[in-house]
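# Structural characterization, general
So you can see what is in the structure, the chains are spelled out below.
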Amino acid sequence: MYKKTKKYRVLISRVKGIQKHFVASFIDKDVMYLSEREMDLCRGYKVLCHAEIEYYFEEIARIILAESLWNWQNDKKVTLPIVGLLANYEKVDTNENISTKINKIATDYNNILLKSNHGIKEENLKKIFGNLGVDVSEFDVIWVSTLTSYGSSRGSIAHTSAVVQIPINIQEAINETNIILQGIENFENELIKQTKIDLYKAEKRLMTHI
């Protein structure tokens, strides 16, 4: 039976906290009547929520990576993420044994690819999970589209002066955030289905070895 990962539950709690701290006091106020301070708080809400969602995706990828390595090192079990890493990385010394290759590629994925990720758009999901062999096209299309839209608007907020930005409708922003959060259960289930890795158990195993 599916159980939410702790990362997912923490994400939900964190987003609720951001909403409470930033926009709860004027959540029903018409966007046309927002003060400059309230408009800045709306921007802050979206930027911080985006950061939490981005962090969640990267942490789930690390859980999958760690569990895949554990399965290989302890049982010589080859999982989809290991196949994905070997298939997607070309810089492998063919003279090295398979365990050395896998460890080097996994380290490269964790230290370079994940740390260089900056976003939650479809292209980011392909970068993060596609390299682990996951077919991102199997994720819910509307959910992925919402992530891409959310990521684009966050980019506009972070890299454009507030002077030229369109004020954020906080109800719409909250609704978008909720759509993303609600879709994560299906996302985790799809990852479990494709990788054959129980994320809940894998997360617990990883936490005991930190």
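Refer to the structure printed above.
Since the model is a prediction, treat every value here as computed from it, not as a measurement. (Residues numbered from 1 in each chain as written. Predicted model: local features only at pLDDT ≥ 70, side-chain atom pairs only at ≥ 80, totals over all residues. Heavy atoms only, no water.)

### Some points on the packing of helix 2 (residues 36-75) against helix 3 (residues 80-88)
Threshold: Here an angle of 0 to 180 degrees is reported between the N-to-C directions of two axes, which are lines fitted to C-alpha atoms, with helices fitted over the stretch in contact. Secondary structure elements are defined from DSSP: runs of H or I of at least 4 residues count as helices, runs of E of at least 2 residues count as strands, and each element is numbered from the N terminus. Every angle not falling under 35 degrees, over 145, or within 65 to 115 is termed oblique; those three ranges are roughly parallel, roughly antiparallel and roughly perpendicular. What makes two residues a contact is simply this: any of their non-hydrogen atoms within 4.5 Å. In this classification, the charged set is Asp, Glu, Lys and Arg, the nonpolar set is Ala, Val, Leu, Ile, Met, Phe, Trp, Tyr, Cys and Pro, and all remaining amino acids, among them Gly, are polar.
Relative to each other, helix 2 and helix 3 sit at 100°, their axes nearing to 8 Å. Taken together, the axis directions place helix 2 and helix 3 in an arrangement best described as roughly perpendicular. Together, Ile64, Leu65, Ser68 and Leu69 of helix 2 and Pro81, Ile82 and Leu85 of helix 3 make up the contact between the two elements. Tallied by class, residues from the contact of helix 2 with helix 3 come to 6 nonpolar, 1 polar and no charged.

### Some remarks on helix 4 (residues 98-114)
Rules: The span you would expect from a helix comes to 1.5 Å times its residue count less one. Residue exposure (1.4 Å probe, protein chains only): buried if accessible area is under 20% of the type maximum, exposed if over 50%, otherwise partly exposed. Think of a polar contact as two N or O atoms within 3.5 Å of one another; within protein, one of them needs to be a possible hydrogen donor and the other a possible acceptor, and neighboring residues in sequence only count if both atoms come from side chains.
With 17 residues, helix 4 should reach 24 Å at 1.5 Å per residue; the first-to-last C-alpha distance of 23 Å fits that figure. Of all the positions in helix 4, only Lys101, Ile102, Ile105, Ala106, Tyr109, Leu113 and Leu114 are classed as buried. Elements in contact with the buried residues of helix 4: helix 2, helix 3 and helix 5 (122-130). You can read the cap of helix 4 off the contacts: a side-chain oxygen lies 3.1 Å from the backbone nitrogen of Ser99, and it is on Asn97.

### Things to note about the pattern of salt bridges
What counts, and what does not: Counted as salt bridges are all cases of a side-chain nitrogen of Lys or Arg within 4 Å of a carboxyl oxygen of Asp or Glu.
Counted under the stated rule, the structure contains 8 salt bridges. The closest approach of N and O atoms between Glu67 and Arg205, which form a salt bridge, is 2.9 Å. Highlighted residues: Glu67 in helix 2 and Arg205 in helix 8 (residues 199-208), separated in sequence by 138 residues. For Arg205, a relative accessible area of 27% gives the class partly exposed.

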